[in-house]
Amino acid sequence: MSSMAIETAGLVKTFGDNRAVDGIDLSVPAGTVYGVLGPNGAGKTTAVKMLATLLRPDGGEAHVFGHDVVREADAVRSRVSLTGQYASVDEDLTGMENLILLARLTGHAKKAARERAGQLLEAFGLTEAAGRQVKNYSGGMRRRIDIAASILNTPDLLFLDEPTTGLDPRSRNQVWDIVRAVVGHGTTVLLTTQYLDEADQLAARIAVIDRGKVIAEGTKGELKASVGAGSVHVRLRDAERREEAARLLGAVLDAQVQLEPDPVALTARVGTDGGRDGRGAAEQASRALAELARAGITVDNFALGQPSLDEVFLALTGSDTGHHHAPATDLEKEARA
Amino acid sequence: MSTAAPAETQDLAPVRTDSLAELLISTGRPPRPSALSASLTFGWRAMLKIKHVPEQLFDVTAFPIMMVLMYTYLFGGALAGSPSEYIQYLLPGILVMSVVMITMYTGVSVNTDIEKGVFDRFRTLPIWRPSVMVGYLLGDALRYAIASVVILTVGLIMGFRPDGGFVGVVAGIAVLLVFSFAFSWIWTMFGLLLRTEKSVMGVSMMVIFPLTFLSDIFVKPETMPGWLQAFVNNNPITHVSSAVRALMDGTSPTTELAWTFGWALLLVAVFGPVTMRLYNRK
């Protein structure tokens, strides 16, 4: 038995001319949360679908707990569970009926199925909504019932495909709590996300995917070090002094400074040179502020942020992700859901 | 029916991670369900859908009633002297026609389901693969049975008096249900093959209209030109409606039954595997 939950080598999936997944190698250790980070259309969902036996790879190999996803699809299916981006339960049925249905399909006898469904609804705080059709659930409730359905049979590997896209911050935190509880039990979780902070909160290792390829892989620390601990966003009162401020910031932070479209705004990445944690970045940033004040440049607004996904991509690929121009259909559907 | 507005997150009870952890440490997984059990479970799902959206029974109640009334009074006088004469011949046929027409909704429901994420979940379950499709068909068999009872009731009220009695009528319906179950595999295939619900409907009508009209449902084939007789006499719908008519008439149509079951087997043997191939590839 392999101690790897997932191992892929040169995994490829093409749709016509589009190489959605273009040679991905992944090794996901069992018992951890593995984050797959990337913009819309990067190939995250396609990769997950191949691993969950929903799509047949066009090239390469993938093993889940040592089982080939094509030749031993049934063995893989008995150990994994998938929560897709969209509701993966039947919207016409009630929460209770959905869970009973899946419990029956995973082999629970009638009585045991009802019992298990009731317990899960209770644990997920959905007892009151048990008798309502899922189409009348709020976004947060849907995610809960989705995840409840996914862990019903205590899978060894749980795929969560963008579990918090479209959720409000509060529901998002609740989903994170659930993921932590699931992993605490020993289930391996493969989480895809567009948000760096989500991967940061949950994942032990992260793979960054762009245009179907893994462009970076490592622990959170390694990844962050390669990107920088964060960004300093500064808004000046006087647009004419921006050039001067940019030079100053560049000198103090020893970092690349970017001029924003807004004529009074600039952004500098900090922490690339050894400042590996937030504090290092904060210290550097406060030094930079002091320098600006000494030069008599008035700062209206100042923020120290984690690198955004765009910044991660900028750092990793040296080019814009085209993130904002990516097909928005996924998000639109999500917003409607 | 629940029409309550979506509840706000704020009103949600908290997730109880402690009891969640307990649930996850459950004792082993039960053995996978048998093919029959999985199929029946999907059949149960189809019935729950009828329960939650009873409007969908409209097509198996109002539509067949309309068919019987329309054709009996429209053609009855011209073709058999009077509507009450004609209905003795027409009713078994119109029953076949109505139920065969209703089968196309199988394709529509398969097609609308694929769009939803729940299909992906079913496909990641370690169960007998065709059970999802068989489940649809089991649910639909219930709808066909309802339609049959509705049509018969209307027919009896309008003066249909089958010589085969209760046993003959039930046998006729049973044969029709078996054939419809087999015929529906054509629609599961199209439901998976075509992209939109509209195209599924379109193709269904293209197939069903000629098959049902160019049969012996409305008139005896002897009255038709020879080339048309060749088609009508070999049309599976003709075999089914002749078999059903004979059974309800109290005779045992051995040849027609053999043709009907032969066609049923052929349909499942051809369209079953094609459906499953598409389902696995989707």
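We now turn to the structure provided with this report. Because the structure is a prediction, the values reported are computed rather than measured.

Here we come to the overall build of chain B. A tally of regular secondary structure across chain B gives 12 helices and 0 strands. When the helices and strands of chain B are listed from N to C terminus, the series reads α-α-α-α-α-α-α-α-α-α-α-α. In terms of its C-alpha atoms, chain B occupies a principal-axis envelope of roughly 75 × 40 × 35 Å. A burial count over chain B gives 42% of its 282 residues as buried.

Another aspect to go through is the overall build of chain A. Of the regular secondary structure elements, chain A holds 12 helices and 14 strands. Residue burial in chain A is summarised as follows: out of 337 residues, 52% are buried. Across chain A, every contact between residues at least 6 apart in sequence was considered, and the portion connecting residues at least 24 apart equals 68%.

Side chains of a nonpolar character, in soluble globular proteins, are inclined to be buried together. Counting 146 residues, the largest nonpolar core has Leu51, Val64, Leu99 and Leu190 of chain A together with Val96 of chain B as its most contacted members. If you tally residues by element for this core, the top one is helix H8 (residues 165-193) of chain B, at 14 residues. Residues in contact with Val64 of chain A, not counting those within four places in the same chain, are Ala5, Ile6, Leu51, Val69, Val76, Arg79, Val80 and Leu157 of chain A. Counting residues in hydrophobic clusters, the runner-up holds 14 residues, among them Leu249, Ala255, Ala285 and Leu292 of chain A.

Attention now goes to the sheet that holds strand S3 (residues 33-37) of chain A. Two pairing modes exist for strands in a sheet, parallel and antiparallel, and in both the strands are linked by backbone hydrogen bonds. Residue and element names in this part refer to chain A. Spatial ordering of the open sheet is given by S6-S7-S8-S3-S9-S10, a layout of 6 strands whose pairing is mixed. The open sheet is flanked by strand S6 (80-83) and strand S10 (213-219), the only strands paired with a single partner. For this sheet, the mean inter-axis angle between neighbouring strands, taken without regard to orientation, is 15°. The pairing of S3 with strand S9 (residues 205-210) spans 4 bridges and is parallel. Counted as the bridge partner of Val36 is Ala207 from S9. The strands touched by helix H5 (residues 139-151) are S6 and strand S7 (157-161); relative to S6, the strand with the most contacts, the crossing angle is about 170°.

Attention now goes to the interface of chain A and chain B. The parts lose accessible area when they come together, and the size of an interface is often stated as this lost area. Of the residues lining the interface, 54 residues belong to chain A; the matching set on chain B comes to 41 residues. For the side of chain A that touches chain B, the elements supplying multiple residues, two or more each, are helix H2 (73-77), S6, helix H3 (95-105), helix H4 (110-123), H5 and helix H6 (169-184) of chain A. The dominant element in the side of chain A that touches chain B, judged by the number of residues it contributes, is H6 of chain A, at 8 residues. Among the residues making up the side of chain A that touches chain B, the classes are represented as 21 nonpolar, 20 polar and 13 charged.

A separate point is helix H7 (residues 131-158) of chain B. Residues separated by three or four positions in an α-helix point in the same direction, a consequence of the helix having 3.6 residues per turn. Helix length check: H7 of chain B, at 28 residues, gives a terminal C-alpha distance of 40 Å against a target of 40 Å (1.5 Å per residue), a fit within 8%. Phi turns positive, to about 110°, at Gly159 of chain B, one or two residues after H7 of chain B.

Let us now look at the packing of H6 of chain A against helix H1 (residues 17-24) of chain B. Where H6 of chain A meets H1 of chain B, the axes come as close as 9 Å, and the angle between the chain directions of the two elements is 35°. Crossing hand, H6 of chain A versus H1 of chain B: right-handed. Contacts between H6 of chain A and H1 of chain B involve Asp177, Ile178, Ala181, Val182 and Gly184 of chain A from the first element and Thr17, Leu20, Ala21 and Leu24 of chain B from the second. Across the contact of H6 of chain A with H1 of chain B, the residue classes break down as 6 nonpolar, 2 polar and 1 charged.

Residues and elements named next belong to chain A. In this structure, Thr53 is a non-glycine residue whose phi angle is positive, near 70°. Structurally, Thr53 can be placed in the loop between helix H1 (44-51) and strand S4 (59-64). Positive phi outside glycine occurs at Arg211, with the angle close to 45°. Its place among the elements puts Arg211 in the loop between S9 and S10. Residue Arg211 is classed as partly exposed on the basis of its 18 C-beta neighbours within 10 Å.

Right, let's get into the environment of Tyr105 of chain B. Residue and element names in this part refer to chain B. Tracing the chain through its elements places Tyr105 in helix H5 (residues 104-114). Accessibility expressed as a C-beta count within 10 Å gives 21 for Tyr105, which makes it buried. For Tyr105 and Asp140, which are 35 residues apart along the polypeptide, the C-alpha to C-alpha distance reads 8.6 Å.

What follows is about the pairing of strand S13 (residues 265-270) of chain A. All names here are of chain A. Burial analysis of S13 places 5 of its 6 residues in the buried class, the great majority of the element. As paired elements, strand S11 (residues 230-236) and S13 share 6 bridges and run antiparallel to each other. Counted as the bridge partner of His233 is Thr267 from S13. With 3 bridges joining them, strand S12 (residues 257-259) and S13 adopt antiparallel strand pairing.

What follows is about the packing of H3 of chain A against H5 of chain A. Residues and elements named next belong to chain A. Two elements in contact, H3 and H5, have axes whose closest approach is 9 Å; the angle formed by their N-to-C orientations is 20°. Between H3 and H5, the crossing angle belongs to the class labelled roughly parallel. Where H3 crosses over H5, the handedness of that crossing is right-handed. Note on element contacts: H5 touches H3 through Ile145, Ala148 and Ala149, opposite Gly95, Asn98, Leu99 and Leu102. Of the residues assigned to the contact of H3 with H5, the class counts are 5 nonpolar, 2 polar and no charged.

Rules behind the numbers
Residues numbered from 1 in each chain as written. Chains lettered and ligands numbered in written order. Predicted model: local features only at pLDDT ≥ 70, side-chain atom pairs only at ≥ 80, totals over all residues. Helix = DSSP H or I, 4+ residues; strand = E, 2+ residues; numbered from the N terminus. Buried ≥ 20, exposed ≤ 12 C-beta atoms within 10 Å, placed from the backbone. Contact = placed C-beta atoms within 7 Å. Core = buried A, V, L, I, M, F, W, Y, C linked by C-beta atoms within 7 Å. Pairing = 2+ DSSP bridges. Axes fitted to C-alpha atoms, helices over the stretch in contact; angles between N-to-C directions. Nonpolar A, V, L, I, M, F, W, Y, C, P; charged D, E, K, R; others polar. Expected span 1.5 Å × (residues − 1). Left-handed = near helix turned anticlockwise from the far one by under 90°. Parallel < 35°, antiparallel > 145°, perpendicular 65-115°, else oblique.

Distances and angles like these do not, on their own, reveal function.
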